[in-house]
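# Notes for the structure review
Chain residues, written in single-letter form:
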Amino acid sequence: MRVEIYFMCSNVSSSSFIPGVEICISNSIDEEELVEIWMAFSVSHLRGADPTLDTLVQMERKEFGKKQEQQSQPQQQPSRSQENTLVIYLGKDSATSAYPFCPDLGDDILEAYNSTPKAKVVWVIVALFHYLDILSKLGKKGEAYPIQENLLKLNGKSLKYPFNLFDSATPSSKYRTRTNKGDAVCVFGEAQTTSWYSQNNTFKVHVQLPPSHLKSDACYMFAQLREVVQTLSEVIHHLSEEMISKFSLEELQPINIPCQSQFAGAGRICCDSNGRLNAKSLTLECAEGKTVQLDVSQVESYSLFPGQVVVVEGDNPMGNRLSAKQIHCDASLPLPPKPSLSTKETGPIQIVIAAGPFTQSDNMTFQPLEDLVEYIVDHKPHLVILTGPFIDASHPVVVQGMLAETYSSFFEKIIDGIMEPLKKLNTHVVVIPSFRDVHHHSVYPVPPFMLRKHYTNLTLAPDPCILNVDGLVIGATSTDILFHLGKEEISQVRPGSDRLGRLASHILSQQAFYPLYPPVEEINIDMELWAKYGRLDVTPHILILPSDLRCFIKNLNGCIVVNPERLAKGLIGGNFARLQVSCIGEEVSVNGQIVKI
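Anyway, here's the lowdown on the structure attached to this text. Since the model is a prediction, treat every value here as computed from it, not as a measurement.

## Description of the overall build of the chain
Per the secondary structure count, the chain includes 13 helices and 27 strands. Buried positions account for 53% of the 597 residues belonging to the chain. Excluding contacts between residues fewer than 6 apart, the proportion of contacts in the chain whose partners are at least 24 apart in sequence is 72%. In the structure as shown, the chain presents an accessible area of about 28,400 Å², 50% of it carried by carbon and sulfur atoms.

Here it is in structure tokens:
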């Protein structure tokens, strides 16, 4: 027999629970049996009404009088198949729902009691945890009434209150039985001979965000259509001028005017249909909004995606079809000046990078995150960068509304579970949100998190962000732009070319963390904020691009691009990245590994 316990915040006053305590004591029953008897009485006689002082007295007279008569009769022992299996389903966010009902039962909890008792019995505890504490402290003859510790369980593991974030359930069996813990799946530089323990535990890095970074109280989705068009036009003008200067091209000509000779024109790649971009549906839209068909049949190699700004050398004899001979799309910026920090005296900087989700899809134990925190405590890196989602909106527990508290308070417990073990270390933590975080703003760019508690070694950054770590410039985003580009890009390149490196190079060549336009359907992009906070003003030393695609660490023209994948992938554990950065003289040397959690 399966018993499902729901923790509900009833609107019944607390005075109604004191007679409940007396009934438990006087009739030698526990709180579970009391609730079961009350629900049966309420459904049968009161049409499911809430308990009051009068109705509790009525229940005691009728039900316990009947029970005393039945106690003299022998009772049959339940079979092993009917033994209770306690499973806790944590209820919906109290801010959005008054009663956290199970999705399987619908919104009418009384329907559960109309089913066959042998098939399923549902006990509804109409109380808060502090009312259970009353039962544990009151008892017969002044003795404490014992509440069994195994009363509350999830997947067979005890749940105490207040419970530890990382002890709320049993981790996935696939995760617990993994045999590849600590294996390096990707190596960069001289990582094989690198010691990943900090050489100088007293050294502390200083992390700074740009003064004009996106603030947590930013307003979004107020831009009008003409402002969006103006933003796109300005981006075309800016990037095309960069490419003209870089490739020493002639002055740009209108792309929609007939011209028999070869000329250079600029615009952004568009698709003339509702389907996926292909070589037959390519169009080029100039800054003024004029559009022509783009023929790439004569181009030797290309890599194009919607929203990409390009300069095309070709001819347009009829005025409606631009035949491209060569396509330029690289407007990448130079690297920043050398870092102000010299690691010759302090030793290399140790950096740990991990991306959410941080728990398996079948539970909310956050065991991978706990293991990562243990790794950080053991190795004491100087900098830890964590990108969301932390509470993934697509997680089954969130989708089914089974969390017993607000998403914001649960997130604060997650952060506290990270920061408390690190409070005695000189490790600085940077937390970057995701538009997939259910408790946060679902917009891109994403404002930084807001916390009620302050941590001295924690930086709350927006997505995307540029970090200045003692002169070392690190760009990071939590949005899976590599996967999004991979679905939309069309290319004609030589066999065996580096696809992942090519996808990552689009971010640098387009000077934007998210150059795809229009974006994928799940992203709500604010073009005004994107133009101010989603673009690059310099090529960073290190670029962090978490993705569901295969993990990698690559050097793209001096920029070290890192994709650590996810810390948790479905039912199993994922990866995290660790870097060792040496800043000596003019050079920035990076060794790195992608490691199994």
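## What about the nonpolar core?
Burial of nonpolar side chains together is a common tendency in soluble globular proteins. Among the nonpolar cores identified, the biggest contains 46 residues, and Leu482, Ile507, Tyr514, Trp530, Leu543, Leu545 and Val561 are the most heavily contacted of them. Broken down by secondary-structure element, the contributors of at least two residues to this core are α6 (225-247), β8 (259-271), β12 (309-316), α11 (481-488), α12 (499-509), α13 (527-533), β22 (552-556) and β23 (559-563). With seven residues, the single largest contributor to this core is α6. Each residue touching tyrosine 514, except ones within four places of it in the same chain, is listed here: Tyr444, Thr479, Ile481, His484, Pro519, Val520, Ile523, Ile525, Trp530 and Gly534. Membership of the second largest hydrophobic core comes to 39 residues, among which are Tyr375, Val398, Phe411 and Met419.

## Here we look at the sheet that holds strand β17 (residues 458-460)
Strand order in the open sheet made by the seven strands is β6-β27-β26-β14-β15-β16-β17, with mixed pairing throughout. Among the strands making up the open sheet, the edge pair consists of β6 (184-188) and β17. Across the sheet, the mean angle from the axis of one strand to that of its neighbour is 15 degrees, orientation sign disregarded. In this structure, strand β15 (residues 383-387) lies alongside strand β16 (residues 428-432), joined through five bridges in parallel fashion. Within β16, the position partnered with isoleucine 385 by the bridge is valine 430.

## Let's talk about the side chain of threonine 283
Tracing the chain through its elements places threonine 283 in strand β9 (residues 282-285). The buried category is assigned to threonine 283, whose relative accessible area is 4%. Discounting chain neighbours no more than four positions away, the residues touching threonine 283 are Arg268, Ile269, Cys270, Cys271, Asp272, Thr291, Val292, Gln293 and Leu294.

## Regarding unusual backbone geometry
The omega torsion across tyrosine 444 and proline 445 is -5 degrees, close enough to zero to call that bond cis. Note that proline 445 resides in the loop between β16 and β17. Residue proline 518 follows tyrosine 517 across a cis peptide bond; omega there is -5 degrees. In the Ramachandran plot, serine 248 falls in the positive-phi region, its phi being about 55 degrees despite a non-glycine side chain. Phi is positive for glutamate 565, close to 60 degrees, though the residue is something other than glycine. Structurally, glutamate 565 can be placed in the loop between β23 and β24 (568-569). Residue glutamate 565 is classed as buried on the basis of its relative accessible area, which comes to 8%.

## Notes on α6
An ideal rise of 1.5 Å per residue puts 33 Å on 23 residues; α6 measures up with 33 Å between its terminal C-alpha atoms. Looking at α6, one finds that the buried residues are Val228, Thr231, Leu232, Ser233, Val235, Ile236, Leu239, Ser240, Met243 and Ile244. Contacts made by the buried residues of α6 are with β8, β9, β12, β13 (321-328) and α13.

## Considering the pairing of β22
Where burial is concerned, most of β22 is hidden: four out of the five residues are buried. Count of turn residues in the β22/β23 antiparallel hairpin: two residues, of which asparagine 557 carries a positive phi of about 55 degrees.

## Some points on the packing of α11 against α12
Put simply, α11 and α12 touch, their axes get as near as 10 Å, and they point 105 degrees apart. It follows that α11 is roughly perpendicular to α12 by the angle criterion. Between α11 and α12, the residues in contact are Ile481, Leu482, Leu485 and Gly486 and Arg499, Leu503, Ala504, His506 and Ile507, respectively.

## A few points about empty space enclosed by the protein
Taken as a whole, this structure holds five cavities of 30 Å³ or more when the rule is applied. Empty space within the second largest cavity amounts to approximately 130 Å³. Counting residues per element, the ones that place at least two in the lining of the second largest cavity are α6 and α13. Per-element accounting of the lining of the second largest cavity gives the leading share, four residues, to α6. Taken together, the residues that form the lining of the second largest cavity break down as 13 nonpolar, two polar and two charged.

## Re the packing of aromatic side chains
Within the structure shown, the criterion is met by eight aromatic pairs. Arranged with centres 6.1 Å apart and planes meeting at 45 degrees, the rings of tryptophan 38 and phenylalanine 41 form a pair that is tilted. Taken together, the residues tryptophan 38 and phenylalanine 41, both in helix α2 (residues 31-45) and three residues apart, mark about one turn of the helix. Note on tryptophan 38: relative accessible area 6%, which makes it buried.

## Focus: the sheet that holds β12
Taken together, five strands build a closed barrel; the order of strands is β8-β9-β10-β13-β12 and the barrel is mixed. Sheet twist, expressed as the average angle between the axes of neighbouring strands with direction ignored, equals 55 degrees. Both β9 and strand β10 (residues 291-295) contribute to a ladder of three bridges, which runs antiparallel. The partner of glutamate 285 across the bridge, within β10, is threonine 291.

How each quantity is defined
Residues numbered from 1 in each chain as written. Predicted model: local features only at pLDDT ≥ 70, side-chain atom pairs only at ≥ 80, totals over all residues. Heavy atoms only, no water. Helix = DSSP H or I, 4+ residues; strand = E, 2+ residues; numbered from the N terminus. Buried < 20%, exposed > 50% of the residue type's maximum accessible area, 1.4 Å probe, protein only. Contact = heavy atoms within 4.5 Å. Areas by Shrake-Rupley, 256 points an atom, 1.4 Å probe, with all protein chains shown as cover. Core = buried A, V, L, I, M, F, W, Y, C linked by side-chain atoms within 4.5 Å. Pairing = 2+ DSSP bridges. Axes fitted to C-alpha atoms, helices over the stretch in contact; angles between N-to-C directions. Expected span 1.5 Å × (residues − 1). Parallel < 35°, antiparallel > 145°, perpendicular 65-115°, else oblique. 1 Å grid on protein atoms, 1.4 Å probe; cavity = no way out; pocket = protein on both sides within 12 Å on 5 of 7 lines; lining within 4 Å. Points joined across faces, edges and corners; volume = space filled by probe spheres on them. Nonpolar A, V, L, I, M, F, W, Y, C, P; charged D, E, K, R; others polar. Phe/Tyr/Trp six-rings, centres within 6.5 Å; stacked < 30°, edge-to-face > 60°.

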